[in-house]
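A look at the structure
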Amino acid sequence: MKKLLCAILITGTLFLCSCDTSRAGVSKEIDATATSAIAEQVVEAKVDEFYDDYASYYTPVEYQRMVEDYTGSFGGIGITMVENEGEVTVYNILDDTPAADSDISIGDVIIGVDGISLEGKGSTEAQSLIRGPVGEEVTLQLRKASDNSVYEETLERETITEETVSSVTLSAYPGTVYMHISSFTETTSSDFAAHYNKLLNQGEIENLILDLRSNGGGNFYACIAIGEYFVPLNEMVVSEKTSSGSEEHRSSSGQLNGLNVIVLQNAYTASASEVLIGALKDKADATLIGTTTYGKGITQSIVMLESGSGHRYTRSIYYTPSGFSLNGIGLEPDILVEDPADTTYDDYFSLDPAKNPHLQAALNYLFPDGPPSAEESSDGTTTDDTNSGEASTDETTGEN
C-alpha cells in the first residue's frame, strides 16, 4: 500500500507538471530534472505527513548508498573520512586499496572531488562523490597536512569491504581484550568471530571490553548473530512486536556465555547496538559503562520502489529478553562515565586509559588494584596485526 501511494504521488505530480507546461505554451522547453525534483519533494512531504517519526524517502542515489552501508561493500578507493573543523579529513587508509598505493596521507584534507568543491560541504557529500562504479576513475583534490600544498590524485575505484570490527589484546591486564564495533553490516558477525578467535589464539580470554560508543546500529540480524554467542542456547536474544503479531529470536549458540563482558556506551549508541546490549545485560550479566543510550527501540524495513528510489518505515517494536521496551528511554549504565569535554577523536577512542576515561573505568572495575603485570608498555597496551586501535564514530562516513 505504501509503495502504491508513493507511485501514485509520483505519477500524479508528473501529470500536474506536464499540464503546467502545456499551459505555458509549446515554445517552452520541459525541464525533466526540475520535474523529477518536484516529484521527489512531494513524495518526501507525504511520507513525513503519513508515516512514523523514523520514516524516510530516499532518492535513487541515496537509496543505493544506504544499501552499500548495510552490505558493507561498494565501489571506492579505501579511505575513511572525518569532519574536522569544517573540513573533510582523511583519518584512515585501508591496506591493499587504491588509496594505499597513492600519495594520500592520513590528515590530508579533501578539498574537491572531480572538480566539485567541498567548501561548505561535509563528509556525506564527499562520500557520495567518491563512491561509484568499480573500474571507473575518480579525481580528488587534496591539501597536504605536512606543508599545506595542494595536489591531485586520480584513482580507479575497486570493491571496498567496510571493516566494522577492530580488536586488541591488553597485555598489561591478563585475560583481557578490547573489541570495537563501529556499525553492523552483513559481514560484522563473521568479522567478530574471526577477531575473537585470533585473540583467543594469543591467550585465554576472561574479560571482554566491548566498545559500542557512537554505534548507530545497522543490520538487525548481524547484532542478533553476535548476541547468540553470549545468550545461552535456546534462550531469548530479542523479541519483536509487529502489526501482524510477535516474533522471538532465540540463541542457537551460547558458546561465550560465562565470559565477563563490559560494554562501553554513550548517548549515540542506538538501534541494533541497543538490541545487543539488552541481550548482553539480561542474559550475559554484562556491566554497562558510560551514559544512557539513545533509546531507539524499533526496527525498520527498507523498500526499493520501481523508480530506484526507496522508503524506510518502522516494522516493529523490539523488547529485550526481560521484556523491556527501551524506545524513547534507552539503557542506563551501571557505571556512569560522562563524555569528556573538548576531547579529540583520537583521544576518545585511545587505548591509553589516561586519555580514555571509559576504558579507564572498565579497567578499574576489572582490576581495582591496578594492572597485575609488572611489565607493561608506556600506554598499558599492546596491539596485534588485526587492528590499529582506531574506531569510527558518528562523525565518520565509513570507508570510501
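Refer to the structure above for everything that follows.
Residues numbered from 1 in each chain as written. Predicted model: local features only at pLDDT ≥ 70, side-chain atom pairs only at ≥ 80, totals over all residues. Heavy atoms only, no water.

What follows concerns the overall build of the protein chain. When helices and strands are tallied, the protein chain shows nine helices and 20 strands. Burial status across the protein chain gives 50% buried among its 400 residues. Sequence separation of at least 24 residues holds for 69% of the intrachain contacts in the protein chain that already meet a minimum separation of 6. Surface summary for the protein chain: the accessible area is close to 18,900 Å², and the carbon and sulfur share equals 48%. (Helix = DSSP H or I, 4+ residues; strand = E, 2+ residues; numbered from the N terminus. Buried < 20%, exposed > 50% of the residue type's maximum accessible area, 1.4 Å probe, protein only. Contact = heavy atoms within 4.5 Å. Areas by Shrake-Rupley, 256 points an atom, 1.4 Å probe, with all protein chains shown as cover.)

It is worth spelling out a negative patch on the surface at this point. A grouping of Asp95, Asp96, Asp101, Glu137, Glu156, Glu158 and Glu163 is seen on the molecular surface, where their side chains present a negatively charged patch. Within the element layout of this structure, Asp95 appears in the loop between strand S4 (87-93) and strand S5 (109-113). Residue classification places Asp95 among the exposed residues on the basis of a relative accessible area of 66%. (Patch = residues over 30% accessible without salt bridge, like charges linked within 9 Å, V, L, I, M, F, W, Y side chains within 5 Å. Salt bridge = Lys/Arg side-chain N within 4 Å of Asp/Glu carboxyl O. Lys, Arg positive; Asp, Glu negative; His and termini not counted. Charge placed at Lys NZ, Arg CZ, Asp CG, Glu CD.)

Further remarks concern the nonpolar core. Core analysis: the biggest nonpolar cluster contains 37 residues, and Phe184, Phe192, Leu210, Phe230 and Leu280 have the highest contact counts within it. Those elements giving two or more residues to this core turn out to be strand S11 (176-181), helix H5 (188-202), strand S12 (207-211), helix H6 (220-230), strand S13 (236-242), strand S15 (260-265) and helix H7 (272-284). The element that contributes the greatest number of residues to this core is H7, accounting for seven residues. Grouped together as the second largest cluster of nonpolar side chains are 19 residues, Val168, Ile209, Leu351 and Leu359 included. (Core = buried A, V, L, I, M, F, W, Y, C linked by side-chain atoms within 4.5 Å.)

All told, the structure shown has eight salt bridges when counted by the stated rule. The residue Glu247 makes a salt bridge to Arg315 at a minimum N-O spacing of 3.5 Å. Of this pair, Glu247 sits in strand S14 (residues 245-250) while Arg315 sits in strand S18 (residues 310-319), placing them 68 residues apart in sequence. The partly exposed category is assigned to Glu247, whose relative accessible area is 35%. What you see here is one network of salt bridges that share partners, running through Glu240, Glu247 and Arg315.

Overall, mixed pairing links the six strands, which are arranged S10-S11-S12-S15-S16-S19 in an open sheet. Taken across any chain shown, the strands that pair with only one partner, and hence form the sheet edges, are strand S10 (165-169) and strand S19 (335-336). Bridge count for S11 against S12 is five bridges, and the pairing is parallel. Its bridge partner being in S12, Thr176 is matched across the sheet by Asn207. Docked against the sheet, H7 engages S12, S15 and strand S16 (287-290), running at close to 145° with respect to S15. (Pairing = 2+ DSSP bridges. Axes fitted to C-alpha atoms, helices over the stretch in contact; angles between N-to-C directions.)

The buried fraction of S12 amounts to five of the five residues, a majority that puts the element mostly inside the structure. A two-sided burial pattern is seen for S12, the buried positions comprising Asn207, Ile209 and Asp211 on one face and Leu208 and Leu210 on the other. Read as a crossover between parallel neighbours, the route from S11 over H5 to S12 is right-handed. Pairing analysis gives five bridges linking S12 to S15, with the strands arranged parallel. Within S15, the residue paired with Asn207 across the bridge is Asn260. (Right-handed = clockwise from strand over helix to strand, strands pointing away.)

What follows concerns the packing of aromatic side chains. By the definition in use, this model includes five aromatic pairs. Where Phe192 meets Tyr229, the ring centres are 6.1 Å apart and the plane angle is 15°; that geometry is what we call stacked. Taken together, the positions of Phe192 in helix H5 and Tyr229 in helix H6 put the pair 37 residues apart, joining distant regions of the chain. In this structure Phe192 comes out as buried when scored by relative accessible area, which is 1%. Three or more aromatic residues joined by ring pairs make a cluster, and in this case those are Phe192, Tyr229 and Phe230. When the ring centre of Phe74 is taken as reference, the NZ or CZ atom of Arg131 above it lies at 3.7 Å. For Arg213, the ring lying beneath its charged end belongs to Tyr348, and the centroid distance is 4.5 Å. (Phe/Tyr/Trp six-rings, centres within 6.5 Å; stacked < 30°, edge-to-face > 60°. Lys NZ or Arg CZ within 6 Å of the ring centre and 35° of its normal.)

At their nearest, the axes of H6 and H7 sit 9 Å apart, and the two run at 15° to each other. Judged by the inter-axis angle, H6 sits roughly parallel to H7. Along this stretch, H6 crosses H7, giving a crossing that reads as right-handed. Residue-level contacts link Phe220, Cys223, Ile226, Gly227 and Phe230 of H6 to Ala272, Val275, Leu276, Leu280, Lys283 and Ala284 of H7. (Parallel < 35°, antiparallel > 145°, perpendicular 65-115°, else oblique. Left-handed = near helix turned anticlockwise from the far one by under 90°.)

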